[in-house]
Amino acid sequence: MNKTSIADDAATTQVRALIVRARAAQAIAATYTQAQIDQLCLAAGWAIMEPSRNAALAARAVADTALGNVPDKIAKNHRKTLGLLRDIQTAKTVGIIAENCAAGITEIARPIGVIAAITPSTNPGATPANKIINALKGGNAIIVAPSPKGAGTCELLLQYVHSEFDKIGAPHDLVQMLPTPVTKATTYALMAQADLIVATGSQANVRAAYSSGTPALGVGAGNVAVIVDESADFTAAAQLIAKSKTFDNATSCSSENSVVIVGNAYTPMLNALKAAGGLLLTGDEKQTLQSALWPDGAHLSQSLIAQDAQSMTRQIGLQSAPQVLMLLIEETDIGKSAPFSGEKLSPVLTIYRASSFAAATNIVRKIYAHQGAGHSVGYHGANETHIAALAQSLPVARVIVNQAHAFATGGSFDNGLPFSLSMGCGSWGGNSFSENLHWKHFINVTRIVRVIPAAQPSVESIFTHYWNQVGA
């Protein structure tokens, strides 16, 4: 997609005014000390973490988008922001950030400039906040292009950010957003004029970012599968999967979509999932859900996504007990003709039976060939050989072991991944990076290079072993 064909003259002019203001504010931030930069980040963090503001943002997000639920969005806003602030607390992003005397290299952090942040309706508070804080940590200005449904939440967030900026004398124009109503024209005009695009959300926007001519960091599609083998603690695994799958009504791209169960683990694991709140739909019930969730056979129903299981069953006329938290579907097929093999953005979990671990791995490989390559895979069990095999054979950037996937993939207080709401999926997912988006992606690095003692090898030291093997 060529965004320049969509960004008309009016949109270009409108966005140019924002860019001019952003560059003036960023020139001020470029003079800040590390302490002042860190104060900026804390101001932006408190804007969303202050409890009454957090609650207001969560309520606004659900009211405007009808996606997810307020308590989980409050938890997400708090946890993701607190984790990010912990991650960046001691990071140096001003002046000299590294010095390697042996190599004669001195590294100096430099701002990128003006960041264009494309954000989704599923996380209209947490994702903009995460990108704002990361951008400020690098001494940048940022302009957010929220989804149209999430624009009201973003406006409220920026009001809170600017209120905190007033306390420290920081310019409001360091953090801006596109004017409402947000349009494709203004979004693509922003992409054209910014110094870096960080795009989270629809794959159409991600592809537009990568084809824009502006440096871009975009993320791949989610459709997480997890494997459970015979060595797993089935009760613990089921509880973790249920907790993850139902959080914020499965709005996360890291939410489990399929569970592939190996061999003799099938019956006890399926029973454990039922005990954890799963309702197994069979026969006509499965077809009823499929027809409702994909009413045109291809696209997810906007009235059913990101709803809880009780709301879903009521809407489609199925009976379910109050304790039902997720809907389970047994499946054997994969691909367009089997929509349950794809991302569902709802508390619907597809179950596959595999005869062996190798067969389970092959099922996941086929799922990701259909959708979700590059993102991550989950594993529940205690077989280190299986863990290593997943990391070495599947097209994934992360292997999440014995954890609730939606919480672990984007960083957790009990794992070492950076806190983020944007997960790079590498070349497998059509992305330029394969790690969690974090503060290092928001700086340039200038290197001073000094003369060191020469270290030129002889030809013999490089080729002798090769010559001994195959001849000179």
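Higher on the page you've got the structure.
What you see is a predicted model, and the numbers here were worked out from it, not measured in a lab. (Residues numbered from 1 in each chain as written. Predicted model: local features only at pLDDT ≥ 70, side-chain atom pairs only at ≥ 80, totals over all residues. Heavy atoms only, no water.)

Caption draft 1: Just the overall build of the protein, in detail. Each helix and strand counted, the protein has 16 helices and 15 strands in total. Here the C-alpha atoms of the protein give a radius of gyration of 24 Å, agreeing with the 23 Å that 2.2 N^0.38 yields for 472 residues. With respect to the three principal axes, the spread of C-alpha positions in the protein is 70 × 65 × 40 Å. In the protein, buried positions account for 55% of the 472 residues. (Helix = DSSP H or I, 4+ residues; strand = E, 2+ residues; numbered from the N terminus. Rg over C-alpha atoms; globule rule 2.2 N^0.38 Å. Buried < 20%, exposed > 50% of the residue type's maximum accessible area, 1.4 Å probe, protein only.)

Caption draft 2: The arrangement of the state of the cysteines in detail. Counted by the stated rule, this structure contains 0 disulfides. Lacking any disulfide linkage, cysteine 41 is separated from the closest cysteine sulfur, that of cysteine 154, by 17 Å. Judged by relative accessible area, which is 2%, cysteine 41 ranks as buried. (Disulfide = S-S within 2.5 Å.)

Caption draft 3: Spatial organisation of the packing of aromatic side chains. Under the counting rule described, the total for this entry stands at 4 aromatic pairs. With centroids separated by 4.9 Å and ring planes inclined at 80°, the aromatic side chains of phenylalanine 247 and phenylalanine 407 adopt a geometry described as edge-to-face. One end of the pair, phenylalanine 247, is in the loop between α9 (234-246) and β9 (256-262); the other, phenylalanine 407, is in helix α15 (residues 405-408), with 160 residues separating them in the sequence. Owing to a relative accessible area of 16%, phenylalanine 247 belongs among the buried residues under this scheme. Between tryptophan 294 and phenylalanine 340, the aromatic rings sit 5.0 Å apart at their centres with planes inclined by 90°, giving edge-to-face as the arrangement. Residue tryptophan 294 is found in the loop between α11 (284-293) and α12 (309-316), and its partner phenylalanine 340 is found in the loop between β11 (326-330) and β12 (348-354); the two are separated by 46 residues along the sequence. Classification of phenylalanine 340 as buried rests on a relative accessible area of 0%. (Phe/Tyr/Trp six-rings, centres within 6.5 Å; stacked < 30°, edge-to-face > 60°.)

Caption draft 4: Quick peek at the sheet that holds strand β1 (residues 95-100). The strand order across the open sheet built from 3 strands is β1-β2-β15, with neighbouring strands paired in antiparallel fashion. Edge strands, defined here as strands with exactly one partner in the open sheet, are β1 and β15 (443-449). Adjacent strand axes in the sheet meet at a mean angle of 25°, parallel and antiparallel pairs treated alike. As paired strands, strand β2 (residues 105-111) and β15 are joined by 7 bridges and run antiparallel to one another. (Pairing = 2+ DSSP bridges. Axes fitted to C-alpha atoms, helices over the stretch in contact; angles between N-to-C directions.)

Caption draft 5: Examining the nonpolar core more closely. With 74 residues, the main nonpolar core has Ile132, Leu136, Phe165, Leu174 and Val175 as its most contacted residues. In this structure, valine 175 is in contact with Ile132, Leu136, Ile142, Leu158, Val161, His162 and Phe165, ignoring residues within four places of it in sequence. If you look at the next biggest cluster of nonpolar residues, it comprises 23 residues, including Ala232, Ile261, Tyr266 and Leu280. (Core = buried A, V, L, I, M, F, W, Y, C linked by side-chain atoms within 4.5 Å. Contact = heavy atoms within 4.5 Å.)

Caption draft 6: Spatial organisation of helix α1 (residues 9-29). Here α1 is 21 residues long and its end C-alpha atoms lie 30 Å apart, about the 30 Å a rise of 1.5 Å per residue gives. Among the residues of α1, Ala11, Val15, Leu18, Ile19, Ala22, Ala25, Gln26 and Ala29 are the ones counted as buried. The buried side chains of α1 occupy one side of the element, clustering within an arc of 130° when seen end-on. When the buried face of α1 is taken as reference, the exposed residues oriented beyond 90 degrees from it are Asp9, Ala10 and Val20. Tucked into the core, α1 has its buried residues touching α2 (34-49), β2, β3 (114-118), β4 (141-145), β5 (175-177) and α7 (184-193). (Expected span 1.5 Å × (residues − 1). Arc of directions from axis to C-beta.)

Caption draft 7: Layout of the pairing of β11. By the criterion of burial, β11 is predominantly enclosed, with 4 of the 5 residues buried. With 4 bridges joining them, β11 and β12 adopt parallel strand pairing. Bridge pairing in β12 places isoleucine 329 opposite threonine 350.

Caption draft 8: Spatial organisation of the environment of isoleucine 363. Among the secondary structure elements, isoleucine 363 is positioned in helix α13 (residues 357-370). Sequence-wise, isoleucine 363 and alanine 225 are 138 residues apart; in three dimensions their C-alpha atoms are separated by 9.4 Å. With sequence-adjacent residues up to four places away left out, isoleucine 363 is seen in contact with Val260, Ile334, Tyr352, Arg353 and Ala354.

Caption draft 9: Layout of the side chain of histidine 405. Considering the arrangement of structural elements, one finds histidine 405 in helix α15. Here the side chain of histidine 405 touches serine 254 through a polar contact of 3.1 Å, landing on its backbone oxygen. Among the polar contacts made by the side chain of histidine 405, one reaches the side chain of serine 376 at a distance of 3.5 Å. Ignoring sequence-local partners within four residues, the contact set of histidine 405 consists of Val224, Val226, Ser244, Ser254, Glu256, Ser376, Val377, Gly378 and Ile400. (Polar contact = N/O pair within 3.5 Å; in protein donor to acceptor, adjacent residues only side chain to side chain.)

Caption draft 10: Seen up close, the sheet that holds strand β6 (residues 196-199). Here we have 5 strands laid out as an open sheet, ordered β5-β4-β3-β6-β7, and parallel in their pairing. A single partner strand is all that each edge strand has here, and the edge strands are β5 and β7 (216-218). Recorded for the sheet is a direction-independent mean angle of 20° between the axes of neighbouring strands. Contacts from α1 reach β3, β4 and β5 within the one sheet, and its direction differs from that of β4 by about 150°.

Caption draft 11: Looking closely at unusual backbone geometry. Following threonine 180, the chain continues to proline 181 via a peptide bond in cis, the omega torsion being -5°. On the secondary structure map, proline 181 appears in the loop between β5 and α7. Positive phi outside glycine occurs at alanine 250, with the angle close to 65°. For alanine 250, the position within the fold is in the loop between α9 and β9.

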